[in-house]
Amino acid sequence: MKPKIGFMGLGIMGAPMAANILKAGYPLTVYNRTAAKAEPLAKLGAQVAASPKALAQDAQIIVAMVTGPEALYELLFGPEGAAEAFGPEQVFINMSSVSPSFTLELGKELAPTAIRFVDAPVSGTKKPAEDGALVILAGGNRQRVQELEPLFLTMGKKVIYCGKTGQGSMMKMFINLLLGLMMEGFAEALNFGRLGGLDLEAMLETVASGAMNAPMFQVKAANFRDQKFQAAFPLKHLAKDAKFVVDTAYELGAPVPAGQMLLHLYRLGVAQGWGDEDISAIAKVMEFLSPPK
Ligand code: NAP
């Protein structure tokens, strides 16, 4: 029999991930701070918990997919927090993107509850989440991760075992450093070409025709064409992750000069009020820094 799942956090990513768990036949209870976001899941057949604690009391595996540390602390240790109901027979999976050191800290804080803890952030945005095609980056006990694979494969197409607790978060920071650099590089180059008088379509065709092509550039090209940056991955979340990258790099002594610049540029985007737009709105930051049209 499939275990009972409790899913907290029904944002851009969490809502479709939870829906896919439900569609795969797992009994599902959901919780979201803004209750209205649970309604579509309830219509699909999920139970809706009144609090994180009530959710944890009714589930064998508890999943969190929220913004980051502050949200996790609120849901786990805030009023009616889930951790109050955690016990040794349950598993807690954090799928939110956080730093590896935060994951280790969280593991220590959860230790008194004896719950089994796995960090499993994801690579992929809204569309792969809807399609159940995420890549799951799992850290923790290897056997436990293997046991969770059927659940993970309701949300993703692949599970990559990254190592002990915290290494899932490390892999997520690794891939998001690359993502941020690629997105910024694409926007910077297109803006450079624009100021040099190149036609956008000709630049996109040049990228698509050579070794520089990447699926992400193809997905985001439409945003540059339409100058519409509706969030698949909100820019503010990449700013958050750039901070985690820079902090982690400092702890490791790893040089991330371009990562430092990324943090600055994405923060600038947030300061300009574009945090809820897509990461490709980094194009607006490039234009903002350019001579007026
Ligand atoms: P989102 O749409 O902004 O949703 C954030 C979720 O966190 C919502 O459920 C929100 O609840 C909840 N939340 C925020 N602050 C909270 C608090 N203080 N207390 C309780 N709940 C709180 O974010 P998302 O895009 O789904 O991203 C979720 C996580 O996945 C993030 O760590 C992000 O970096 C990561 N991620 C995102 C993508 C992507 O493409 N979007 C891809 C990979 C990974 P409310 O509804 O009440 O605001």
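Draft legend 1. Spotlight on the packing of helix α8 (residues 167-195) against helix α9 (residues 200-208). In the contact formed by α8 and α9, the axes pass within 10 Å of each other and the chain directions differ by 135°. In terms of orientation, α8 lies oblique with respect to α9. Considering only the axes of α8 and α9, their crossing is right-handed. Between α8 and α9, the residues in contact are Phe186, Ala189, Leu190, Gly193 and Arg194 and Leu200, Met203, Leu204 and Val207, respectively. Looking at the contact of α8 with α9, its residues break down into seven nonpolar, one polar and one charged.

Draft legend 2. Region of interest: the pattern of salt bridges. Per the stated rule, a full pass over the model turns up eleven salt bridges. Put simply, Lys126 and Glu130 hold a salt bridge, and the shortest N to O gap is 3.9 Å. Of the two residues, Lys126 and Glu130 both sit in helix α6 (residues 126-131), four residues apart, roughly one turn of that helix. The exposure class assigned to Lys126 is partly exposed, which follows from its relative accessible area of 34%. Among the residues examined, Glu130 registers a relative accessible area of 39% and is labelled partly exposed. The closest approach of N and O atoms between Glu287 and Lys293, which form a salt bridge, is 3.2 Å.

Draft legend 3. Inspection of the packing of α8 against helix α11 (residues 235-252) at higher detail. For the pair α8 and α11, the least separation of the axes is 9 Å and the interaxial angle reads 115°. At the point where α8 passes α11, the crossing takes the left-handed sense. In this structure, α8 contributes Met170, Met173, Asn176, Leu177, Leu179 and Gly180 to the contact, and α11 contributes Leu238, Asp241, Phe244, Val245, Thr248 and Leu252.

Draft legend 4. Summary view of the domain arrangement of the chain. Domains assigned within the chain are domain 1 (5-165) and domain 2 (171-289). Relative placement of domain 1 and domain 2: their C-alpha centres are 28 Å apart. In this assembly, 15 residues from domain 1 lie in contact with 14 residues from domain 2. Between domain 1 and domain 2 the total buried area reaches about 1,100 Å² when both faces are included, carbon and sulfur atoms providing 72% of it. When the buried area of domain 1 at its contact with domain 2 is split by residue, Ile12, Thr67 and Ser97 rank highest and sum to 30% of it. The interface formed by domain 1 and domain 2 holds zero salt bridges in total. Run the count over domain 1 and domain 2 and you get four residue pairs in polar contact (both at pLDDT 80 or more). Split by residue class, the side of domain 1 that touches domain 2 holds eight nonpolar, six polar and one charged.

How each quantity is defined
- Residues numbered from 1 in each chain as written.
- Predicted model: local features only at pLDDT ≥ 70, side-chain atom pairs only at ≥ 80, totals over all residues.
- Heavy atoms only, no water.
- Axes fitted to C-alpha atoms, helices over the stretch in contact; angles between N-to-C directions.
- Helix = DSSP H or I, 4+ residues; strand = E, 2+ residues; numbered from the N terminus.
- Parallel < 35°, antiparallel > 145°, perpendicular 65-115°, else oblique.
- Left-handed = near helix turned anticlockwise from the far one by under 90°.
- Contact = heavy atoms within 4.5 Å.
- Nonpolar A, V, L, I, M, F, W, Y, C, P; charged D, E, K, R; others polar.
- Salt bridge = Lys/Arg side-chain N within 4 Å of Asp/Glu carboxyl O.
- Buried < 20%, exposed > 50% of the residue type's maximum accessible area, 1.4 Å probe, protein only.
- Domains from an automatic or database assignment.
- Buried area = accessible area lost by both parts, 1.4 Å probe.
- Polar contact = N/O pair within 3.5 Å; in protein donor to acceptor, adjacent residues only side chain to side chain.

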